[in-house]
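# Architecture at a glance
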Amino acid sequence: VQLVESGGGLVQPGGSLRLSCAASGFTFSSYSMSWVRQAPGKEREFVATISWGVGNTYYTDSVKGRFTISRDNTKNTVYLQLNSLKPEDTAVYFCAVGSSDNYHYWGQGTQVTVSS
């Protein structure tokens, strides 16, 4: 199993980024996929999940209305659109196979820094 995140970077407050996670080595369409982040000195925090099948989405309260998770099963890729970014969104963002704190595999992470 391989998960490769990309799209992180430095952005000003209020800006946007689109993270991608390319997956391989398993039947992507059969698994829920999640994004989890870890800020410096803090524990990993759930951000968003998209289910397999119909693609139901779930978000932590702090990102609702600003972030959007989506998936393209033809490309084995999950995305996270980050809008209206705040300094407190600064973290390493990981994609993971699974949901509800039951994660099977992790990517290496991509750094998102929100600063003026």
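To start, this report covers the structure provided alongside it. (Residues numbered from 1 in each chain as written. Predicted model: local features only at pLDDT ≥ 70, side-chain atom pairs only at ≥ 80, totals over all residues. Heavy atoms only, no water.)

## Description of the nonpolar core
Spelled out, the test is: Side-chain atoms within 4.5 Å are what join buried Ala, Val, Leu, Ile, Met, Phe, Trp, Tyr and Cys residues into a set we call a nonpolar core. Note on classification: 1.4 Å probe, protein chains only; a residue is buried when its accessible area is under 20% of the maximum for its type, exposed when over 50%, partly exposed between these limits. By definition, any uninterrupted DSSP run of H or I lasting at least four residues is a helix, any uninterrupted run of E lasting at least two residues is a strand, and each is numbered from the N terminus. Contacts are residue-level and defined by heavy atoms, with any inter-residue pair within 4.5 Å sufficient.
Of all hydrophobic cores here, the largest spans 28 residues; its most connected members are Trp35, Val78, Leu80 and Tyr93. Those elements giving two or more residues to this core turn out to be strand 3 (17-24), strand 4 (33-38), strand 5 (45-50), strand 7 (67-72), strand 8 (77-82), strand 9 (91-99) and strand 11 (110-114). Not counting residues up to four positions away in its chain, the partners in contact with Leu80 are Leu17, Arg18, Leu19, Trp35, Val47, Ala48, Phe67, Thr68, Ile69 and Tyr93.

## Some details on the pairing of strand 4
Within a regular beta strand, the side chains point alternately toward one face of the sheet and then the other, so they alternate between its two faces. How we decide: Think of it this way: DSSP has to see at least two bridges between two strands before they count as a pair.
Burial of strand 4 is extensive: five of the six residues sit out of reach of the surface. Sheet analysis places strand 4 next to strand 5, joined by five bridges and oriented antiparallel. Among the inter-strand pairings, Trp35 is bridged to a residue of strand 5, identified as Ala48. Hairpin remark: strand 4 followed by strand 5, antiparallel, with six residues in the connecting loop; positive phi at Gly41, about 75°. Judged from the six bridges that link them, strand 4 and strand 9 form a sheet pairing that is antiparallel. Following the sheet pairing, Arg37 is matched in strand 9 by Tyr93.

## Some words on the packing of aromatic side chains
Stated formally: A pair of Phe, Tyr and Trp rings is counted when the ring centres sit within 6.5 Å of each other, with Trp represented by its six-membered ring. The angle between the planes then sorts it: under 30 degrees is stacked, over 60 is edge-to-face, the rest tilted.
This structure, assessed with the given rule, holds four aromatic pairs. Ring geometry for Phe26 versus Phe28: centroids 6.2 Å apart, planes at 55°, classification tilted. We classify Phe28 as buried; its relative accessible area is 2%. Ring geometry for Phe94 and Trp106: centres 6.2 Å apart, planes at 90°, overall edge-to-face. You can see Phe94 sitting in strand 9 and its partner Trp106 sitting in strand 10 (residues 102-106), a full 12 residues away along the chain. Accessibility expressed as a relative area gives 7% for Phe94, which makes it buried.

## Considerations on the pattern of salt bridges
This is how the line gets drawn: Salt bridges are counted wherever a side-chain nitrogen of Lys or Arg sits within 4 Å of a carboxyl oxygen of Asp or Glu.
The tally for this structure, following the rule as stated, stands at four salt bridges. The salt bridge involving Asp61 is made with Lys64; its shortest N-O contact spans 3.0 Å. Owing to a relative accessible area of 48%, Lys64 belongs among the partly exposed residues under this scheme. A cluster of three or more residues bridged by salt bridges with shared partners is formed by Arg37, Glu45, Arg66 and Asp89.

## Some details on unusual backbone geometry
The backbone of Ser84 sits at a positive phi, close to 50°, despite the residue not being glycine. Among the structural elements, Ser84 can be located in the loop between strand 8 and strand 9. The backbone phi angle of Ser100 is positive, close to 55°, even though this residue is not glycine. Its place among the elements puts Ser100 in the loop between strand 9 and strand 10.

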